[in-house]
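# Understanding the architecture of this molecule
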Amino acid sequence: MAQMWPILAEFLLFLIKVVQGPADSTASAVVGTKAVLRCPNTSVSSLILVIWKIRPKSESHCSLAYRADANKTDRTNCNERMTWESSPDHDPALQIHPVRLADEGNYTCEIATSDGTFCLVSALTVLVPPVVTLTHGSNGVVVCQASAGKPAAEISWAQGNGHSTENKTHHTNGTVTTLSSMPMINSTNAHVTCLVTHPAKNQTQTIELSSELSADMTLSPILRYFLICTSSCIAVAVVALILYRTLKCRASWLSGLADATTTRNNLRPGTVNTTNSSTVESIYQNYSVQNIHKNINSLKTQRQRV
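The rules behind these values
- Residues numbered from 1 in each chain as written.
- Predicted model: local features only at pLDDT ≥ 70, side-chain atom pairs only at ≥ 80, totals over all residues.
- Heavy atoms only, no water.
- Helix = DSSP H or I, 4+ residues; strand = E, 2+ residues; numbered from the N terminus.
- Contact = heavy atoms within 4.5 Å.
- Areas by Shrake-Rupley, 256 points an atom, 1.4 Å probe, with all protein chains shown as cover.
- Salt bridge = Lys/Arg side-chain N within 4 Å of Asp/Glu carboxyl O.
- Buried < 20%, exposed > 50% of the residue type's maximum accessible area, 1.4 Å probe, protein only.
- Core = buried A, V, L, I, M, F, W, Y, C linked by side-chain atoms within 4.5 Å.
- pLDDT = per-residue confidence, 0-100.
- Patch = residues over 30% accessible without salt bridge, like charges linked within 9 Å, V, L, I, M, F, W, Y side chains within 5 Å.
- Polar contact = N/O pair within 3.5 Å; in protein donor to acceptor, adjacent residues only side chain to side chain.
- Disulfide = S-S within 2.5 Å.

## Thoughts on the overall build of the protein
Scanning the protein for helices and strands turns up 5 helices and 16 strands. Long-range pairs, those at least 24 residues apart, make up 60% of the contacts in the protein between residues at least 6 apart in sequence. Roughly 18300 Å² of accessible area belongs to the protein as shown, and the carbon and sulfur atoms make up 57% of that amount.

This is how it looks when you write it as structure tokens:
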């Protein structure tokens, strides 16, 4: 008998004269909340039959029906979230709670009275408020992101230089993620505010800019690169200077040591000066403080004898 209800309802609506054509309307509800859809505005005192034809876009179709003469309701393939808002003989409005994203679609209320048939088709749109985040990085770019909103959120900035870039990513469930990047180069603001506009909910996010980040943001990229290059060049120059002075001191010491050895050899009779680079290096390898003192004392003794 339950399966005969939709057939009987269609037959009664076909027999009754249509005095008013379908009047389309739109309705919206935020996901997770309650949605109430109304039937045509007509008197229910002479009500005969009410049928809700539910046609979601991504779920199976179902229907709710009420017959006044038997004071009986019928549910065909509808889940418990979809029901009458109150008693259908007083107000046959449809209630959906909680609303899901998959509930989006067309909902048709058909009423048969002794005056005729009235029909109203409501297109339900499900809104999903986005999740908003605001972050900044050391590169001086502040990023505002409105994730998984439906429809796509619009992002604007209360501070900044007005040269933001925006990117939108569409997801398979119909939601959209909007990402807006604002460079804060040459900005002296202590904070920045992101404004997110959405039919479900308007949101604002404000982030404080640290003193280090603000100081870094005030420098242009060319100036930052110049300072980095200058610092690197100075460091290289200091290292090169240290190496130069070290090598110069070693060369002076070797030269003095070679001169002392040459003088000592020249003072000895029959001694031929054969000092060369290999001799200097050999002297350097055998160098000690005691030998230097002995050489100096020997030179002094030889001079006194002469």
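## Thoughts on the pattern of salt bridges
All chains considered together, the criterion is met by 8 salt bridges. Ionic pairing is found between Asp91 and Arg38, a salt bridge with its closest N-O pair at 2.8 Å. Of the two residues, Asp91 sits in the loop between strand 6 (82-84) and strand 7 (94-96) while Arg38 sits in the loop between strand 2 (35-37) and strand 3 (47-56), which places them 53 residues apart along the sequence. Overall, Asp91 belongs to the partly exposed group, its relative accessible area being 25%. In this structure, the salt-bridge partner of Lys53 is Glu110, at a minimum N-O distance of 3.4 Å. Of this pair, Lys53 sits in strand 3 while Glu110 sits in strand 8 (residues 105-113); the two residues are 57 residues apart in sequence, bridging distant segments of the chain.

## Focus on the nonpolar core
Grouped together as the largest cluster of nonpolar side chains are 22 residues, with contacts concentrated most on Trp52, Leu94, Ile96 and Tyr107. Listing elements by their share of this core, those giving two or more residues are strand 2, strand 3, strand 4 (62-67), strand 6, strand 7, strand 8 and strand 9 (116-127). Counting residues per element, this core draws most heavily on strand 3, at 4 residues. Core analysis: the second largest hydrophobic core is formed by 15 residues, Val142, Cys144, Val192 and Val196 among them.

## Side note on the confidence of the model for the protein
Keep in mind that low pLDDT regions are not for reading the predicted coordinates in detail. Averaged over every residue, the pLDDT of the protein is 79; residues scoring 70 or more account for 68%. Considering each helix and strand of the protein separately, the mean pLDDT is smallest for helix 2 (residues 211-217), with a value of 46, and largest for strand 7, with 98. Across residues 12-23 the pLDDT falls below 50, and counting only partners more than four positions away or on other chains, this stretch makes 26 contacts in the model.

## Focus: a nonpolar patch on the surface
Residues Ile234, Val238 and Ile242 make up a contiguous nonpolar surface patch of roughly 280 Å² in combined accessible area. Mapped onto the elements of the fold, Val238 is located in helix 3 (residues 221-267). By relative accessible area, Val238 is classed as partly exposed at 44%.

## Points about the side chain of Thr177
Relative to the elements of secondary structure, Thr177 occurs in strand 14 (residues 176-183). Here Ala148 takes part through its backbone nitrogen, which lies 3.1 Å from a polar atom of the side chain of Thr177.

## Digging into the state of the cysteines
Note on terminology: a disulfide is the covalent bond linking the sulfur atoms of two cysteines. Under the defined criterion, the tally for this structure stands at 3 disulfides. Disulfide partner of Cys39: Cys109, at an S-S distance of 1.9 Å. Handedness of the Cys39-Cys109 disulfide follows from its S-S torsion of about 90°: it is right-handed. Here Cys39 is found in the loop between strand 2 and strand 3, whereas its partner Cys109 is found in strand 8, with 70 residues between them in sequence. In terms of burial, Cys39 and Cys109 fall into one category: buried. The connectivity of the disulfide bonds within the protein can be written as 1-4, 2-3, 5-6, using the sequence rank of each bonded cysteine. The closest cysteine sulfur to the non-disulfide-bonded Cys119 is located on Cys109, 7.7 Å from its own sulfur.

## Some thoughts on the environment of Ala200
Its place among the elements puts Ala200 in the loop between strand 15 (191-197) and strand 16 (203-208). Looking at Ala200, the relative accessible area reads 24%, which means it is partly exposed. Placed 169 residues apart in sequence, Ala200 and Val31 show a C-alpha to C-alpha distance of 9.2 Å. Once residues within four sequence positions are removed from consideration, Ala200 is found in contact with Val30, Leu127 and Pro129.

## Quick notes on unusual backbone geometry
Of note, the bond from His97 into Pro98 is cis; its omega dihedral lies within 30 degrees of zero at -10°. Of note, Pro98 is situated in the loop between strand 7 and strand 8. In the segment running from Lys150 into Pro151, the intervening peptide bond is cis, with an omega of -5°. One non-glycine residue, Asn71, adopts positive backbone phi at about 50°. A positive phi angle, close to 50°, is found at Ala148, a residue other than glycine. Mapped onto the elements, Ala148 comes out in strand 11 (residues 141-149). Overall, Ala148 belongs to the partly exposed group, its relative accessible area being 32%.

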